[in-house]
Amino acid sequence: MEEQVIGRVLRSSTMGFACGTRSNEMELPSFGAFVMTHHYNGTDVDVVGLIYAIRIDDDPLVRQLIMANHINTATIRDQRENRMVPVEISVVNVGYRMNGESHHILPPRPPISLDPVYMCDDQCVRSFTQKFDFFRLVLNTSEVPNEELMAAAIKHAAQARPPREQREFLVTAGRRLAQLLGHDLPRLNHLLRLIKP
Amino acid sequence: MTLEFDKVYHQIAQMGSTLAFRESAAAERLQAVWDRFMALNDNEAIWEKIMVARNHDAGFRGAAPGPGPLIEDCEPFTAAFALPPCPERGTILAADGSQIYPDPHGSSLYYLTNIAVFVYHHGDEGALPEPITEPQLFYQDDELKDREGRIIANAAVNARRSIFEMQLLARETWQRNEAAHPLISISDGPLLFWLGKEVSNAAELMDNYHEAMGILGDLDARLVGYVDQPRSRFVINTLYLMGLEDDAITRQNLMTTGDMEGLDDRIIMRHLLRAGDRSAIMIQQSPQNKAFKDIDEAREIAFFYMNLSSTYQDPYLARVEIPMWVAKNPTAIDQVHSLLYSQCQITDRYPYVLTRADECAVVRGHEKAALNEMIQVELLKNQLSVETSQKLAMKVVSRYGRQQHTGV
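Figured I'd write up the structure that's included with this text. Quick caveat, the model's predicted, so the values are computed rather than measured. Throughout, residues of each chain are indexed from 1 in the direction in which the sequence is written. To label them, take the chains in the order written and letter them from A, then take the ligands in the order written and number them from 1. Given that the model is predicted, a residue must reach a pLDDT of at least 70 before its local features are reported, and side-chain atom pairs must reach 80 or more before they are shown or counted; all residues, however, enter totals for whole chains, interfaces and linings.

Distance between backbone-placed C-beta atoms decides contact: two residues are in contact if it is within 7 Å. Contacts between the two partners involve 14 residues from chain B, matched on the other side by 15 residues from chain A. Only DSSP runs of H or I reaching four residues or more are called helices, and only runs of E reaching two or more are called strands; each is numbered from the N terminus. Residue assignment for the side of chain B that touches chain A shows that the elements contributing at least two residues are β4 (111-122), α10 (330-346) and α11 (352-361) of chain B. Here the side of chain B that touches chain A gets three residues from one element, more than from any other, and that element is α11(B). Grouping the constituent residues of the side of chain B that touches chain A by class yields seven nonpolar, four polar and three charged. Basically, the charged four are Asp, Glu, Lys and Arg, the nonpolar ten are Ala, Val, Leu, Ile, Met, Phe, Trp, Tyr, Cys and Pro, and anything else, Gly included, counts as polar.

Moving on, we get to the nonpolar core. By size, the foremost hydrophobic cluster in this structure holds 97 residues, and its most contacted members are B:A94, B:V117, B:M282, B:V320 and B:A357. When neighbours within four sequence positions are excluded, B:V117 is seen to be in contact with B:L93, B:A94, B:A95, B:I132, B:L168, B:L169, B:E172 and B:A357. Put simply, a nonpolar core is a cluster of buried Ala, Val, Leu, Ile, Met, Phe, Trp, Tyr and Cys residues tied together by C-beta atoms within 7 Å. With C-beta atoms placed from the backbone, a residue is labelled by how many other C-beta atoms lie within 10 Å of its own: buried for 20 or more, exposed for 12 or fewer, partly exposed between the two. Core analysis: the second largest hydrophobic core is formed by 44 residues, A:V9, A:A33, A:F34 and A:A152 among them.

This part is about helix α1 (residues 5-38) of chain B. Since the α-helix packs 3.6 residues into each turn, any two residues three or four apart lie on the same face. Residue and element names in this part refer to chain B. Multiplying 1.5 Å by the residue count of a helix minus one yields the expected span of that helix. With 34 residues, α1 should cover 50 Å at 1.5 Å per step; its first-to-last C-alpha distance of 46 Å lies within 8% of that length. To obtain the bend at a residue, axes are fitted to the seven residues ending there and to the seven starting there, and the angle between these axes is taken. For α1, the principal kink sits at L30 and spans about 40 degrees. Little of α1 sits out of view: just one of its 34 residues are buried.

Residue and element names in this part refer to chain B. Mapped onto the fold, L354 is located in helix α11. The exposure class assigned to L354 is buried, which follows from the 25 C-beta atoms found within 10 Å. In this structure L354 touches A94, D96, I186, D188 and Y226, once residues within four positions along its chain are discounted.

A separate point is the packing of helix α4 (residues 154-175) of chain B against helix α5 (residues 202-218) of chain B. A pair of packed helices is captured by two measures, namely the crossing angle of their axes and the spacing between those axes. All names here are of chain B. At a minimum axis distance of 9 Å, the contact between α4 and α5 shows a crossing angle of 25 degrees. Classified by the angle their axes make, α4 and α5 are roughly parallel. Judged by the twist between their axes, the crossing of α4 over α5 is left-handed. Contacts from A159, R160, I163, M166, Q167, A170, T173 and W174 in α4 reach L205, N208, Y209, A212, M213, I215 and L216 in α5. Here the residues of the contact of α4 with α5 sort into eleven nonpolar, three polar and one charged. Structural elements are reduced to axes, namely lines fitted to C-alpha atoms, with helices fitted over the stretch in contact, and the angle between N-to-C directions of any two is expressed from 0 to 180 degrees. Angle categories are assigned with fixed cut-offs, so that under 35 degrees is roughly parallel, over 145 is roughly antiparallel, 65 to 115 is roughly perpendicular, and the rest are oblique. Left-handed describes a crossing whose near helix is turned anticlockwise from the far helix through less than a right angle; right-handed describes the clockwise counterpart.

A few words now on the packing of helix α5 (residues 146-159) of chain A against helix α7 (residues 185-195) of chain A. Residues and elements named next belong to chain A. Where α5 meets α7, the axes come as close as 9 Å, and the angle between the chain directions of the two elements is 35 degrees. Where α5 crosses over α7, the two elements pack in a sense that is right-handed. On α7, the residues touching E147, M150, A151, I154 and K155 of α5 are R187, H190, L191, L194 and I195. Of the residues assigned to the contact of α5 with α7, the class counts are six nonpolar, one polar and three charged.

Before going further, it helps to examine the pairing of strand β3 (residues 34-40) of chain A. Every regular strand shows the same layout, with side chains that alternate between the two sheet faces. Residue and element names in this part refer to chain A. Here β3 lies mainly inside the structure; five of its seven residues are buried. By the bridge criterion, seven bridges tie β3 to strand β4 (residues 44-56) in an arrangement that is antiparallel. Across the sheet, F34 pairs through a bridge with L50, a residue of β4. At least two bridges found by DSSP between two strands are what make those strands a pair. In this sheet, strand β7 (residues 116-119) lies alongside β3 in antiparallel orientation, the contact comprising three bridges. Residue T37 lies in a different strand from β7, and its bridge partner there is V117.

We now examine the pairing of β7(A). Sheet analysis places strand β1 (residues 4-12) of chain A next to β7(A), joined by four bridges and oriented antiparallel. Bridge assignment links A:V5 to a residue of β7(A), and that residue is A:Y118.

What is expected of a backbone is that most residues other than glycine have negative phi and most peptide bonds are trans. Residue and element names in this part refer to chain B. For the bond running from G68 to P69, omega is 5 degrees, close enough to zero to count as cis. Looking at the element boundaries, P69 is found in the loop between β1 (63-65) and β2 (80-81). A cis amide bond, omega 5 degrees, links H181 with the succeeding residue P182. Even without a glycine there, the phi angle at D57 is positive, about 50 degrees. Mapping D57 onto the fold places it in the loop between α2 (43-55) and β1. Overall, D57 belongs to the exposed group, with 9 C-beta atoms counted inside 10 Å. A positive phi angle, close to 75 degrees, is found at R349, a residue other than glycine. Among the secondary structure elements, R349 is positioned in the loop between α10 and α11.

As far as function goes, none of this settles anything; it's purely spatial.
Below is the structure:
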């Protein structure tokens, strides 16, 4: 696996975790992307999650610069590259990988503070999304924008596949969604529009 | 118990009305003070009076016209100078520092200084500004205790921090001698620096300070001491002096400013200086400044006031202290004037470089706690006992999660 660290765990639970990074290190993470933390406790466990929120807090100096309205390129670079502007990335857990197998249920234990958080590479995403059992976890998770997150995750998973396989993957994912949301047609309709190839 | 606001509320209200009365009283006195100030248009007369005060050893602490040394070299005392054009390029460095004082109740005795210099490449949009920090931990007995074996006073730590600031500023300026000129080196606070009796190795520290100033002088750097929102009374003191007969110029009489008591220079400068203007260059009269001058005439400290506000804002003043090698160079004065104003436009009336230097230097409470923890871990790794003060422990316990018990 090509390891692309995007941050480190700030706080966590079995439901999800938040990781922190610096503003100049946030080119990779995007909404709906698959991330994982590696964690050893007798057995190797990779907790897999989806990014559902990326937050950059303001601070008084940034407010002051905006109000003064004389900001220039050097100041912007200083603020973004020199100042440790914290970025918080929120992740909802959708499964874990153990002994080479993917499990679409909540992980047995959460990641620990300061564990590195990696972007899942294409191979990892393809492997994890061979099955769609994590859809239910995403759709039933409270406090996240479910439909948008589901659609973004499906699109990320499709992009991790060769172009010739992407359409088929999206259609199959759509069928699975239809099974899960047959009782809620407006929601299903919205989701299918979002992932339409 | 916590602060009981109901008990302090009436005091706050009283404070508000007192300050409002003082402000309105000051406004009423403005016209009289202004008229007296505008009458100070004879630099020779001002210098004559100052010489009388010196001869009488009257302890005069006012402002003299500058930069001199000849009267004709001095700027008109009541003049305001408009903002000159800003240099296209320049390198601006600002130094600031913070400290952790020695704590007799801590698990180990140490103090820490954290000095920061922030470098801003004016006019080079592609150049990333440079934050440089230099933390130093002091834990040896000779660093922590004075000759009598007592823990050094906080003032001594402050003094050492100020000297480290000037040294780091000089070193970083020297390293950028090839960078775009002018080199503007800004120190947070007054340049006129002296040490009290509580600082045991004062002479050595003053030598270090002057050595650093000397480096900046050799580089012809535009050294600046920046004093935000000054409450100094140098001009008021001069106004008062000018109203005294020669034989009334005594130490006793100069302990007050007569009918201008309670006023400071802001009352005049806020009226005199439009947005971006600076006042005339003045020289503070004091034994400390004389000591600086005695070491090197180029190190005598002059100053001017500046209004850092934009045209639509109320006046906002700073006192800008400069050594004489800057004060006597009109080009350097224009560079300092315009570049400081330019910096103050980025962050709204306070230089961006100083804002960032302060941010880089400050040691926050949680950082102090983390440092203490690291020290404790290191002590334990070396089989040293970590003795914590019970007083400190109880303070932590009593302050954590303080709330009134409301019963079940």
